Amino acid sequence: MERLKSSARLMIVSDLDHTMVDHHDPNNLSILRFNALWEAKYRHDSLLVFSTGRSPTLYKQLRKEKPMLTPDITIMSVGTEITYGNAMVPDEGWVDILNHKWDKKIVTEETSKIPDLTLQSETEQRPHKASFYVKKEKAQEIMKTLSESLVKRGLDVKIIYSGGMDLDILPQGAGKGQALAYLHKKLKAEGKLPQNTLACGDSGNDAELFTIPDVHGVMVVKNAQEELLQWHAENAKNNPKIIHADETCAAGIIQAIGHFNLGPNTSPRDLPDLLDAKLDHFDPAYEVVKFYLLLEKWRRAEIDSPERYLNNLKAVCSPAGLYVNPFGIEQSFGDVIVKLKDCYGDKKGKQYQVWVDQVFPTQIDSDTWLVKFKKLDQTGEEQQCCYTTAILSSKDVEPSQGLMWVHVHQTWIDGSIGDDKSWFL
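Our subject in this report is the structure included herewith. Please read these numbers as outputs of a predicted model, since none were measured by experiment. (Residues numbered from 1 in each chain as written. Predicted model: local features only at pLDDT ≥ 70, side-chain atom pairs only at ≥ 80, totals over all residues. Heavy atoms only, no water.)

Section: the nonpolar core
Thinking step 1. Within the largest apolar cluster, 40 residues are counted, with the highest numbers of intra-cluster contacts made by V288, Y292, Y309, C317, F373, W405 and L425.
Thinking step 2. The greatest single-element share of this core, amounting to 10 residues, is contributed by helix α9 (residues 284-299).
Thinking step 3. Excluding residues within four positions of it along the chain, F373 makes contact with V288, Y292, V356, D357, Q358, V359, C386, Y387, T388 and A390. (Core = buried A, V, L, I, M, F, W, Y, C linked by side-chain atoms within 4.5 Å. Buried < 20%, exposed > 50% of the residue type's maximum accessible area, 1.4 Å probe, protein only. Helix = DSSP H or I, 4+ residues; strand = E, 2+ residues; numbered from the N terminus. Contact = heavy atoms within 4.5 Å.)

Dropping the structure here:
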């Protein structure tokens with residue numbers, strides 16, 4: 001949050017499974033559409049928050065499986081853990097709040113008395129969360145029994161049932177909604193309350209998100225679970241700030257951005273011909289997203305006019321430009337373009353995806369930008385990532401032509417060193 005000196009233009013708070021992430025789409029189309037939109041139009045002045053029921057272990061596992069962006073803030077374990085930035089630094093103030101009238105040992109003792117509760121995996125048992133599986137027909141009765149027994153033991157807890165099978169026991173002050181309210185209060189104290197907040201979810205443990213007063217626009221994705229649909233019908237059917245989207249998962253989030261007029265809602269991936277897309281101003285983040293989206297299309301043989309694409313590439317790459325790949329091998333842009341010709345369609349028919357993450361441009365003089373970002377690609381389940389630094393220039397070009405690429409330098413990240421030294425850009 002410290003990277004923003006003023007209020008975020010938009011803060012998106014999104015659940016992951018079946019909201020941001022569509023597990024039924026092997027091509028990851030909706031999340032890739034969202035990624036391109038966020039990095040091109042929002043990353044520089046907005047906040048992305050992932051709010052998930054997953055523990056840190058399962059959250060990190062999902063990141064290796066799906067093309068996910070890096071959030072500014074991560075809320076995990078059904079609102080019982082809040083962390084910040086790439087290093088996922090925990091919020092100790094939130095921990096202090098959750099300790100009130102909470103004793104994990106007592107929760108364990110009382111739940112052990114109920115045979116219909118099946119303990120979830122060890123990774124899902126957290127300091128302020130006990131998680132179980134329970135059959136749908138038994139859920140309400142068990143929740144009532146547990147609530148009464150825990151109150152008698154002096155605890156103040158919240159019991160959440162979601163997904164038709166998951167039962168979580170948390171401190172009363174915990175939950176996705178309370179975590180969001182805590183963040184709003186913290187940001188407001190810093191004079192940085194977001195101009196707009198959009199909460200996105202699909203199951204019962206997301207319902208609290210839609211009750212926070214300062215959330216100006218919230219939504220329920222099309223594929224919402226039964227318990228959230230029921231909550232919506234009983235509590236928010238006529239609330240204009242809550243919509244039941246027509247689109248599923250991340251596509252529903254994009255729909256909500258447009259519905260509530262929160263900002264641009266056309267993803268670069270939705271443009272019929274990126275080569276024809278012209279801007280009336282210089283936008284380095286957009287140029288980075290466009291460059292790598294075209295590269296993905298090239299290798300998937302989805303470029304209608306290969307010769308036109310290569311001519312465009314020559315036009316936006318400086319003749320004196322230099323590329324240093326993650327292995328430290330230097331190449332001229334001219335050599336890279338020649339190599340690129342031989343790679344047309346080499347990923348055709350494969351689940352090959354390219355996306356960029358944390359695109360941060362800095363203008364270093366009147367016509368030059370230094371842009372830092374992560375470039376990732378994934379073929380099937382194999383994912384590679386590298387830090388990328390690029391220098392882009394507007395010298396002697398018009399906005400409609402796009403910025404000129406002057407220099408690109410990449411280094412491997414997080415042990416994703418590949419053995420293919422033909423890696424480029």
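What to know about helix α1 (residues 29-41)
Thinking step 1. The end-to-end C-alpha distance of α1 is 18 Å, a good match for the 18 Å that 13 residues give at a rise of 1.5 Å each.
Thinking step 2. Counting buried positions along α1 yields 10 of 13 residues, so the element is predominantly enclosed.
Thinking step 3. Those residues of α1 lying buried are S30, I31, L32, F34, N35, A36, L37, W38, E39 and A40.
Thinking step 4. In this structure, the buried side of α1 is in contact with β1 (11-14), β2 (47-51), α8 (249-259), α9 and β15 (352-365). (Expected span 1.5 Å × (residues − 1).)

Concerning the side chain of D25
Thinking step 1. Structurally, D25 can be placed in the loop between β1 and α1.
Thinking step 2. Only 2.6 Å separates the side chain of D25 from the backbone nitrogen of L29, close enough to count as a polar contact.
Thinking step 3. Dropping the residues within four chain positions of it, D25 is found in contact with S30 and K66. (Polar contact = N/O pair within 3.5 Å; in protein donor to acceptor, adjacent residues only side chain to side chain.)

Section: the packing of α1 against α8
Thinking step 1. Interhelical geometry of α1 versus α8 gives an angle of 40° and a closest axis separation of 6 Å. As far as their axial angle goes, α8 and α1 are oblique. Seen along the crossing, α1 lies across α8 with a hand that is left-handed. Here α1 contributes S30, I31, R33, F34 and L37 to the contact with α8, which in turn contributes C249, A250, A251, I253, I254 and I257.
Thinking step 2. Looking at the contact of α1 with α8, its residues break down into nine nonpolar, one polar and one charged. (Axes fitted to C-alpha atoms, helices over the stretch in contact; angles between N-to-C directions. Parallel < 35°, antiparallel > 145°, perpendicular 65-115°, else oblique. Left-handed = near helix turned anticlockwise from the far one by under 90°. Nonpolar A, V, L, I, M, F, W, Y, C, P; charged D, E, K, R; others polar.)

Some points on empty space enclosed by the protein
One way to see where empty space is left: roll a probe the size of a water molecule over the atoms.
Thinking step 1. Evaluated as defined, the whole model comprises three cavities of 30 Å³ or more.
Thinking step 2. Quantified by volume, the largest cavity comes out at close to 90 Å³.
Thinking step 3. The wall of the largest cavity is formed by L32, N35, A36, E39, R269, V289, Y292, L293, V354, W355 and V356.
Thinking step 4. The set of elements that each furnish at least two residues to the lining of the largest cavity consists of α1, α9 and β15.
Thinking step 5. With four residues, the single largest contributor to the lining of the largest cavity is α1.
Thinking step 6. Across the lining of the largest cavity, the residue classes tally to eight nonpolar, one polar and two charged. (1 Å grid on protein atoms, 1.4 Å probe; cavity = no way out; pocket = protein on both sides within 12 Å on 5 of 7 lines; lining within 4 Å. Points joined across faces, edges and corners; volume = space filled by probe spheres on them.)

Keep in mind that these numbers describe shape and distance, not what the molecule does.
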